[in-house]
Amino acid sequence: MSSVPENLPPRISEADRDAAVERLQDAFAEGHIPSEEMDARLQAALTATTHGELTSALVSLPDPDAGPTVTVNAVGGLIQRRGGWQVPRHFKVTSRMAKVYLDLSRAVIEYPVVDIELHLQYGWARVVVPADATVNFEGLHAAWKQPVYNSPRSSEANGTRIQVSGTMGYGRLRIKHRRS
C-alpha cells in the first residue's frame, strides 16, 4: 500500500491559470513584458500545477490594483498639471479639442511605472518628465503626426518608467526630459 505525501503543495485551478494568463496579456499590452519574454511566461503559466510555479510566471509584474486612476474628460480647453502635484499610477485624458500639459519633472511620483493614456482627437499634448525617467510611447497610435521625443543626452535613465498610450487624431504629442 502506497502512502500519499502530506507536504504536497495545493494544485491550482483552471480559474487561477486563466487569471494569470489574462494578467500576462494585460502586462504585455501595457508594455511591461517584452515580446521575446512573453512566450516563456505564457508557457510557464499554462503548464503550472502549483501556486509557486504560477507565481514564477508573474514575477516582477506590477500589481494590477496598485495605485489610483485619474480620468479627465473634457471637450476642449487646457488640461494642465505642474509643480508638486501627486502623480497617479494611471492618468487618462479623453478630449476632442483640449490642450494637455503634464509636467512631471517636479511632481511627487510614488510608483515605479506611471501610465499616461491620451485620447485626443484634435488637441495637442506636452509631457515633461524627470531627467532620470525612461519613456515608452509605443502604445500610442498617432493618425496624423508622430510623437516628438527629445531623449536625454546622458544614458542615466534609471528612474520612473513613463508609459504613454492611447490615440492622437490630428494633434501632436511632444515629450521631453527636464534638464538636470
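Everything below is about the structure printed above this text.
Residues numbered from 1 in each chain as written. Predicted model: local features only at pLDDT ≥ 70, side-chain atom pairs only at ≥ 80, totals over all residues. Heavy atoms only, no water.

Visitor: It is not clear to me how the pairing of strand E5 (residues 99-103) should be interpreted in this structure. Could you clarify?
Guide: Consecutive residues of a regular strand have side chains that alternate between opposite faces of the sheet. Bridge count for strand E2 (residues 78-81) against E5 is four bridges, and the pairing is parallel. Across the sheet, residue glutamine 80 finds its bridge partner in E5, namely tyrosine 101. With four bridges joining them, E5 and strand E8 (residues 125-129) adopt parallel strand pairing. Across the sheet, aspartate 103 pairs through a bridge with valine 128, a residue of E8. (Pairing = 2+ DSSP bridges. Helix = DSSP H or I, 4+ residues; strand = E, 2+ residues; numbered from the N terminus.)

Visitor: Looking at this model, I keep getting lost on a nonpolar patch on the surface. Mind explaining?
Guide: A contiguous nonpolar surface patch, about 590 Å² in accessible area, is contributed by Val75, Met97, Tyr122, Trp144 and Tyr170. As for its position among the elements, tyrosine 170 is in the loop between strand E11 (161-168) and strand E12 (173-177). (Patch = residues over 30% accessible without salt bridge, like charges linked within 9 Å, V, L, I, M, F, W, Y side chains within 5 Å. Areas by Shrake-Rupley, 256 points an atom, 1.4 Å probe, with all protein chains shown as cover. Salt bridge = Lys/Arg side-chain N within 4 Å of Asp/Glu carboxyl O.)

Visitor: What is the right way to read the pairing of strand E4 (residues 90-95) from this model?
Guide: Burial along E4 is one-sided: Phe91, Val93 and Ser95 are buried, and none of His90, Lys92 and Thr94, which face the opposite way, are. Pairing analysis gives six bridges linking E4 to strand E7 (residues 113-120), with the strands arranged parallel. Opposite phenylalanine 91, over in E7, you have isoleucine 116 as the bridge partner. (Buried < 20%, exposed > 50% of the residue type's maximum accessible area, 1.4 Å probe, protein only.)

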